[in-house]
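A closer look at the structure
The chain contents come next:
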Amino acid sequence: MQKIKSLMARQGLKSPQESMADLSPVENLRIPSKEELRELREQPIDPQAEQEIIDSIEEVYFSNDSFDMVQHELEKLPPELNLQELEEYRDKLKRQQAAVSKKVADLILEKQPSYVKELERVTALQTNLQLAAVICTNARRQLSVAKEGFTEASLGLLANQRRRQLLTGLLKSLRTIKTLQRTDVRLSEMLEEEDYPGAIQLCLECQKAASTFKHYSCISELNSKLQDTLEQIEEQLDVALSKTCKHFDVSHYTKVQLAYTLLGKTQTAMDQLHMHFTQAIHNTVFQVVLGYVELCAGNADTKFQKMQYKDLCTHITLDSYIPCLTDLCKALWEVMLSYHRTMQWHEEHDKQETTPTPDDAAESDESVVDRSYVKKKLEHGLTRIWQDVQLKVKAYILGTDMSNFKYDDFIVVLDVISRLMQVGEEFCGSKSEVLQESIKRQSVNYFKNYHRARLEELRMFLENETWELCPVKSNFNIAQLHEFKFMGQCRSPSVSPSRQAASSTSPAQEELSLFQQYLQEGNPFEMHAEHKEEETEDVLASNGYESDELEKSVYQDYDSDSDVPEELKQDYVDEQTGDVPLKSVSRETIRSKKKSDYNLNKTNAPILTNTTLNVIRLVGKYMQMMNILKPIAFDVIHCVSQLFDYYLYAVYTFFGRNDMYESSGLGLISSRLRTTLNRIQESLIDVEAVGENAGVHGTGEDRKEKVPSPHLSQLVVLTNSGTLYGLAQRVVATESLVFLAEQFESLQSHLDTMMPAAKKPFLQQFYSQTVSTASELRKPIYWIVAAKAIDYEQMLLLMAGVKWDIREIMSQHNVYVDVLLKEFEQFNKRLGDVSRHVRIPLPVSNVLWEHCIRLANRTLVEGYANVKKCSNEGRALMQLDFQQFLMKLEKLTDLRPIPDKEFVETYIKAYYLTENDMEQFIKNHREYSMKQLANLVNVCLGSHINKKARQKLLAAIDDIDRPKR
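Cut-offs applied
- Residues numbered from 1 in each chain as written.
- Predicted model: local features only at pLDDT ≥ 70, side-chain atom pairs only at ≥ 80, totals over all residues.
- Heavy atoms only, no water.
- pLDDT = per-residue confidence, 0-100.
- Contact = heavy atoms within 4.5 Å.
- Helix = DSSP H or I, 4+ residues; strand = E, 2+ residues; numbered from the N terminus.
- Expected span 1.5 Å × (residues − 1).
- Buried < 20%, exposed > 50% of the residue type's maximum accessible area, 1.4 Å probe, protein only.
- Salt bridge = Lys/Arg side-chain N within 4 Å of Asp/Glu carboxyl O.
- Core = buried A, V, L, I, M, F, W, Y, C linked by side-chain atoms within 4.5 Å.
- Axes fitted to C-alpha atoms, helices over the stretch in contact; angles between N-to-C directions.
- Parallel < 35°, antiparallel > 145°, perpendicular 65-115°, else oblique.
- Nonpolar A, V, L, I, M, F, W, Y, C, P; charged D, E, K, R; others polar.
- Patch = residues over 30% accessible without salt bridge, like charges linked within 9 Å, V, L, I, M, F, W, Y side chains within 5 Å.
- Areas by Shrake-Rupley, 256 points an atom, 1.4 Å probe, with all protein chains shown as cover.
- Polar contact = N/O pair within 3.5 Å; in protein donor to acceptor, adjacent residues only side chain to side chain.
- Phe/Tyr/Trp six-rings, centres within 6.5 Å; stacked < 30°, edge-to-face > 60°.
- Lys NZ or Arg CZ within 6 Å of the ring centre and 35° of its normal.

Okay, the confidence of the model for the chain next. Across the chain, pLDDT averages 78, with 77% of residues at or above 70. Segment residues 599–603 is flagged for pLDDT under 50; beyond a separation of four residues in sequence, or across chains, it makes 13 contacts in the model.

Turning to helix 10 (residues 266–297), a few remarks are in order. Along its 32 residues, helix 10 runs 46 Å from first to last C-alpha, staying within 8% of the 46 Å computed at 1.5 Å per residue. Where helix 10 terminates, the next one or two residues include Gly 298, which has phi positive at roughly 70 degrees.

Cis rather than trans, the peptide bond between Arg 896 and Pro 897 has omega equal to -10 degrees. Here Pro 897 shows up in the loop between helix 33 (872–892) and helix 34 (901–909). With phi around 55 degrees, Ser 432 is a residue other than glycine that occupies positive phi space. Along the chain, Ser 432 falls in the loop between helix 14 (407–428) and helix 15 (433–464). For Ser 432, a relative accessible area of 0% translates into the label buried. Phi is positive for Leu 724, close to 55 degrees, though the residue is something other than glycine. Here Leu 724 is to be found in the loop between helix 26 (701–704) and helix 27 (727–754).

In total, this model carries 23 salt bridges according to the counting rule given. A salt bridge links Glu 456 to Arg 452, with the shortest nitrogen-to-oxygen separation between them at 3.0 Å. With Glu 456 and Arg 452 both in helix 15, this residue pair falls 4 residues apart, about one helical turn. We note a salt bridge from Asp 900 to Arg 854, for which the minimum N-O separation is 3.0 Å. Taken together, the positions of Asp 900 in the loop between helix 33 and helix 34 and Arg 854 in helix 32 (residues 842–865) put the pair 46 residues apart, joining distant regions of the chain. Of the two residues, Asp 900 and Arg 854, both sit in the buried class. Bridged by salt links that share partners, the residues Arg 452, Glu 456, Arg 459 and Glu 463 form one connected network.

The biggest cluster of nonpolar side chains holds 232 residues, and the ones touching the most others in it are Phe 824, Tyr 864 and Phe 885. Per-element tally for this core: the top contributor is helix 23 (residues 633–656), with 16 residues. Excluding residues that lie within four positions of it along the chain, Phe 885 makes contacts with Val 817, Leu 820, Leu 821, Phe 824, Ala 856, Asn 857 and Leu 860.

Contact geometry for helix 27 and helix 28 (residues 760–769): axes closest at 11 Å, N-to-C directions at 175 degrees. Classified by the angle between their axes, helix 27 and helix 28 sit roughly antiparallel to one another. The segment helix 27 lies against helix 28, with Phe 744, Glu 745, Leu 747, Gln 748, Leu 751 and Asp 752 engaging Lys 760, Leu 763, Phe 766 and Tyr 767. A per-class count over the contact of helix 27 with helix 28 returns 6 nonpolar, 1 polar and 3 charged.

Before going further, it helps to spend a moment on a nonpolar patch on the surface. A surface patch of nonpolar side chains, amounting to about 340 Å² of accessible area, comprises Val 70, Leu 74, Leu 77 and Leu 81. Tracing the chain through its elements places Leu 74 in helix 5 (residues 69–76).

On to the environment of Ser 768. Structurally, Ser 768 is set in helix 28. Along the sequence, Ser 768 and Arg 672 sit 96 residues apart, while their C-alpha atoms lie 9.5 Å from each other.

Turning to the side chain of Thr 893, a few remarks are in order. Tracing the chain through its elements places Thr 893 in the loop between helix 33 and helix 34. Overall, the relative accessible area of 0% leaves Thr 893 in the buried class. Looking at Thr 893, its side chain comes within polar contact range of the main-chain nitrogen of Leu 895, at 3.0 Å.

With respect to the secondary-structure elements, Arg 830 resides in helix 31 (residues 815–837). Apart from the residues lying within four places of it in its own chain, the contact partners of Arg 830 are Ser 721, Gly 722, Leu 724 and Ala 789.

On to the packing of aromatic side chains, then. In this structure the tally under the stated criterion is 31 aromatic pairs. Ring geometry for Phe 744 against Phe 766: centres 6.1 Å apart, planes inclined by 65 degrees, an arrangement best described as edge-to-face. With Phe 744 in helix 27 and Phe 766 in helix 28, this pair connects stretches of sequence that are 22 residues apart. Take Phe 744 and Phe 766: they sit in the same class, and that class is buried. Look at Tyr 907 and Tyr 911: their rings are 6.0 Å apart centre to centre, the planes differ by 85 degrees, and that puts the pair in the edge-to-face class. In this pair, the class of Tyr 907 matches that of Tyr 911, namely buried. Aromatic ring contacts, followed pair by pair, group Tyr 407, Phe 410, Tyr 446, Phe 447, Tyr 450 and Tyr 622 into a single cluster. The aromatic ring of Phe 634 is capped on one face by Lys 759, whose charged end is 4.6 Å from the ring centroid. Geometry around Phe 903 places Arg 858 over its ring, the cationic atom sitting 4.4 Å from the centre.

As structure tokens, this is what we get:
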């Protein structure tokens, strides 16, 4: 079709008829005439055949307009021309031309109505364009007339009016610029008044106004000046923010926060605030420590200012350590209180903004984000601030060696640190692991040296102790001692003593936290000095002794009232309590009491020595330290146990050690007591130091923990029979140990609460195996007195002189019974004499009587076992003697039943046994010695059995004795 259109264009057709009329007959592609077209249309041609002819046309004829058909066909001719072939090819081309011409004609005829209609529209458009040209010409002519008659005159007035308005606006702008130029003076005044929100508001308004007039050249300089002023305000605002770290002021902080809100830098302000708090902590502690270091150094030319804080702490002297620590904690408290009040301000501020007004609805999202950020930042800052405080105080604590501190000073340090840890717990809920670890290190180091010195001191006291009675009041209790005052308060062991004092004096404030108590004024670390007032003790019984004298003179002589009965002495003891002395009590009244009741007055004061009191005081001091600092509780309790161990061991070695124990067969030392003594000797007593210089010890670590065994003072005489071999001293020593054990028992529950759970078995073992064995020392100690007080050897000699093979029943007992009873009476009298000096408790008198009676009974059995010949009448005499002894003895003592009574009676009755019964007796009664059993066989059965039977019984005795060997 493109080919056809291009062909029509070359012909310049205006209409189909004209086009066909103008076609030249010489054209290669001739358009048929009307007649030919009519002929073509009249020729019946099959459309399919016609389409096939068109399809047979070569593609090249449809390529483009520049195609040269003639040239193409000529180039296709073969070199040798054949007329017939050429004519056939020509006919084919004609048929193709006819088919194309017919197709073109059909298409032209089909589109002719549309062509005609479009041509009519083009003609109408041409007419309308000509009319528009005429209208435009008329309009231009009329505009020219209007310009000459109206514009030049009227619009000139409008231009002048507009110029006037512009000049009026310019004048207003110039006045505003003049005002802006003068704002810097007002801004300076507002900054001096610390009206930061107003200054920022004014500056921001000026900047906004300046941006309106930025097209003026003078405004650019003003704008930069305002920006500098705003930066200066921010700098001053930062300084003002830093001031709140040490002394929080609500109005001041409100201004600062409002100013930062106007700047839109609420979050930045919070970041800056935390940085200032960190800096404030560092600067505060550095200045406090530096002040004390320079004060103590005097004019020493040392550049302390350039030192690191950690190094500076090492220059603190011992005298200034506690004041510096107190001031350090006071200063840090002020910083933490400021932080606490800052958090309170934000909490209250948030509550006020929780219900925004409709005007704030647009800003609510941004303000919620800011509040959330501030809240999280403050909560996170709590731990960070406290961690900084802990690290600073830790450096101070570890900067000085406290091993040589006085005990009271060290307790003050512990008290202050304990109070600081309490502040930390209330501040952020922290357990203060850093502080606990540092104070634990110092405490363990201090306590190790302190305990070592106290053990040496205790050894010195014990070696100089004369074991005289310390006259305390009858109602004496350890809670009356200054060292145990802390136990009288109902509080948790983790609370410091100073806080305890506060809670005891003001119960209404007990539930208030430290931050609530000291929110407005005061400082929790100022209470320490007020609390440490010296408390008086009233525990001594005599008018002439004050509590401080008790420590000045550990050893006092009470011989001046040695002849005063205990009951009269008791009246004098209670003189300070206001009781009326019973002056009418006579010595005869006292003597009329039961013979074995040497207690005289059951309400008498406890028996203890100055050394016992010193040990109790030490225990109180140890418990104070443990009470304040629980992490070293186990170390302290271990040292407390060593104090008791050493005292027990000393009493045993002074008064109870004797080689005759084993041979007595009385089981005086139980296996538990023996195990305890062996453990103490192995773990605490430096055996190698015996005989060496008291101050020289081995360098081994194990020997550093040990103490040389103490030696009894030469002033204590234990060999005088007139004093019952030092019975008074033995009673004081033993009963003071029992009293000490009782005090330990009363402290067990308190110690148990402070003991770590993993270490509680140690405490339980200490009480079950050591403390409870104190009373068991009575047996070996008083046995020595009982063994020497009565002459048992003389009784054996008297019994050996008695003739037992008599032939008639005797009605009179032997002399040795009277001699023995006289010995007991003498013993009873001397016991009464001793009781005038030292109260002898009922358990002690019972043990003494038990030992004496037991030894006497065993001496009787031994005497009966020495008999070579004995008749039935002799055996009856033995029973008579023993019954006489028992009858008289029961009048001397209230002890019931009489110890070892069956031991003697059973042995005497064994004289009547037959051969078979004797064999069974030997097997069942191993409490008798081999010699005593052999005597029964030889003397009693000797005349009734043959030699073989006797040998059999003796062999049985030997078999029983063999395991003992």
